[in-house]
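An overview of the molecular structure
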Amino acid sequence: MASLRHLAAGPACHHRSGVAAATASLQLRRLPSCSRSRHFTRIYAISSNDIRVGTNVEVDGAPWKVLGNIIPPLHPTTEFLHVKPGKGAAFVRTKMRNYVTGNTVEKTFRAGSTLQEPSLSKETKQFTYKDGSQFVFMDLTTFEESRLNEADVGDKQKWLKEGMDCNLLYWNGKIIDFDLPITVRLTVTDTDPGASDSAQGGTKPATLETGAVVTVPSFVNVGDDILVDSRTGQYMNRA
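The protein chain has the name Elongation factor P in an unreviewed UniProt entry, where Urochloa decumbens is given as its organism. For the protein chain, the Subcellular location (unreviewed entry) comment in UniProt is given as "Cytoplasm". Quoted verbatim from the Sequence similarities (unreviewed entry) heading of the UniProt record, the comment on the protein chain is "Belongs to the elongation factor P family."

Another point: the overall build of the protein chain. Scanning the protein chain for helices and strands turns up 2 helices and 17 strands. Long-range pairs, those at least 24 residues apart, make up 48% of the contacts in the protein chain between residues at least 6 apart in sequence.

Right, let's talk about the sheet that holds strand 10 (residues 145–149) for a bit. Overall, antiparallel pairing links the 5 strands, which are arranged 10-9-8-11-12 in an open sheet. Where the open sheet ends on each side, the last strands, each with one partner, are strand 10 and strand 12 (174–179). Put simply, the sheet's adjacent strands are angled 45° from each other on average, direction ignored. Sheet topology places strand 9 (residues 134–138) next to strand 10; 5 bridges connect them, and they run antiparallel. The partner of M138 across the bridge, within strand 10, is E145.

A separate point is the environment of T191. Its place among the elements puts T191 in strand 13 (residues 183–191). Overall, T191 belongs to the buried group, its relative accessible area being 11%. In this structure the C-alpha to C-alpha distance between T191 and V216, which are 25 residues apart in sequence, comes to 9.3 Å. Residues in contact with T191, not counting those within four places in the same chain, are K204, P205, A206, V220, N221 and V222. At a separation of 2.9 Å, a polar atom in the side chain of T191 contacts the main-chain carbonyl oxygen of P205.

In this structure, F137, W159, L160, C166, F178, L208 and I226 are the most contacted members of the largest nonpolar core, which totals 27 residues. At the level of elements, strand 9, strand 11 (165–171), strand 12, strand 13, strand 14 (203–208), strand 15 (213–217) and strand 16 (225–229) are the ones that each hand at least two residues to this core. Not counting the four nearest positions on each side in its chain, L160 is found in contact with F127, F135, F137, V153, C166, F178, L180 and T210. I51, V57, V66 and L115 belong to the second largest nonpolar core, which has 11 residues in total.

This part covers the pattern of salt bridges. Overall, the coordinates contain 13 salt bridges when judged by the stated rule. The residue K122 makes a salt bridge to D179 at a minimum N-O spacing of 3.0 Å. Here K122, found in strand 8 (residues 120–131), pairs with D179, found in strand 12; they are 57 residues apart in sequence, far enough to count as distant. For D179, a relative accessible area of 26% puts it in the partly exposed group. Where D177 meets K156, a salt bridge forms, and the shortest distance between an N and an O atom there is 3.2 Å. A residue pair is termed long-range when its members are at least 10 positions apart, and D177 in strand 12 and K156 in the loop between helix 2 (150–153) and strand 11 qualify at 21 residues. Its relative accessible area of 11% is what places D177 among the buried residues. Given a relative accessible area of 25%, K156 falls into the partly exposed group.

Attention shifts here to the packing of aromatic side chains. Enumeration according to the criterion identifies 3 aromatic pairs in this entry. Relative to F137, the ring of F127 has its centre 5.6 Å away and its plane inclined at 50°; by these criteria the two rings are tilted. Placement of F127 in strand 8 and of F137 in strand 9 is noted, with a sequence separation of 10 residues between them. Classification of F127 by relative accessible area gives buried; the value is 4%. Taking NZ or CZ as reference, K107 lies 5.1 Å from the ring centre of W64, over its face.

Procedures and definitions
- Residues numbered from 1 in each chain as written.
- Predicted model: local features only at pLDDT ≥ 70, side-chain atom pairs only at ≥ 80, totals over all residues.
- Heavy atoms only, no water.
- UniProt positions renumbered as here; feature names shortened; annotations may be inferred.
- Helix = DSSP H or I, 4+ residues; strand = E, 2+ residues; numbered from the N terminus.
- Contact = heavy atoms within 4.5 Å.
- Pairing = 2+ DSSP bridges.
- Axes fitted to C-alpha atoms, helices over the stretch in contact; angles between N-to-C directions.
- Buried < 20%, exposed > 50% of the residue type's maximum accessible area, 1.4 Å probe, protein only.
- Polar contact = N/O pair within 3.5 Å; in protein donor to acceptor, adjacent residues only side chain to side chain.
- Core = buried A, V, L, I, M, F, W, Y, C linked by side-chain atoms within 4.5 Å.
- Salt bridge = Lys/Arg side-chain N within 4 Å of Asp/Glu carboxyl O.
- Phe/Tyr/Trp six-rings, centres within 6.5 Å; stacked < 30°, edge-to-face > 60°.
- Lys NZ or Arg CZ within 6 Å of the ring centre and 35° of its normal.

As structure tokens, then:
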């Protein structure tokens, strides 16, 4: 009887342990799925002592871009002047532009204070064509179009050429800015005939296919492709 009871109990215990093991295994397999379904919001913070030209910060619930220091720096290599008055706490004075409104204002931050960076994202889109006063950018994967008005594009349209890849900056699902390639290749459409010998030196104005006018060496001619720094509008070299 004892042996029969042992035999009868054995399979039941084995079955229960098998169920427990299977349940544990199922729970372990589900863990990655649960972790993937969670969305974590990462909050980035920086010190006011670390802001530089081009730094993005969030002030009063809006995204801002730091343009520079409104006071000439004490040293040529210093972008921002940290002011230490005779009385009171030290502070940093900057000039900033609101991405949404386009307004430029002066902002003062207490030295060492914590600033939050806005939640921004960049997506690469190709400028495909201009539709009236709107510039149309396309996602080459989804073929979805995004549009910017002339006012939003501003002076950057001088270097914007069809087929050019640009980085569009998004905040809360809205396009608030875009970046051109640093180096753009454009064709000269009008300029005075120049010397063929680059060693002769000299410069002259040249009109590019986008309508922009740049200063080029005298040896550059109509039909030449040149490379231009889109940040400064300066000629770099012949392509």
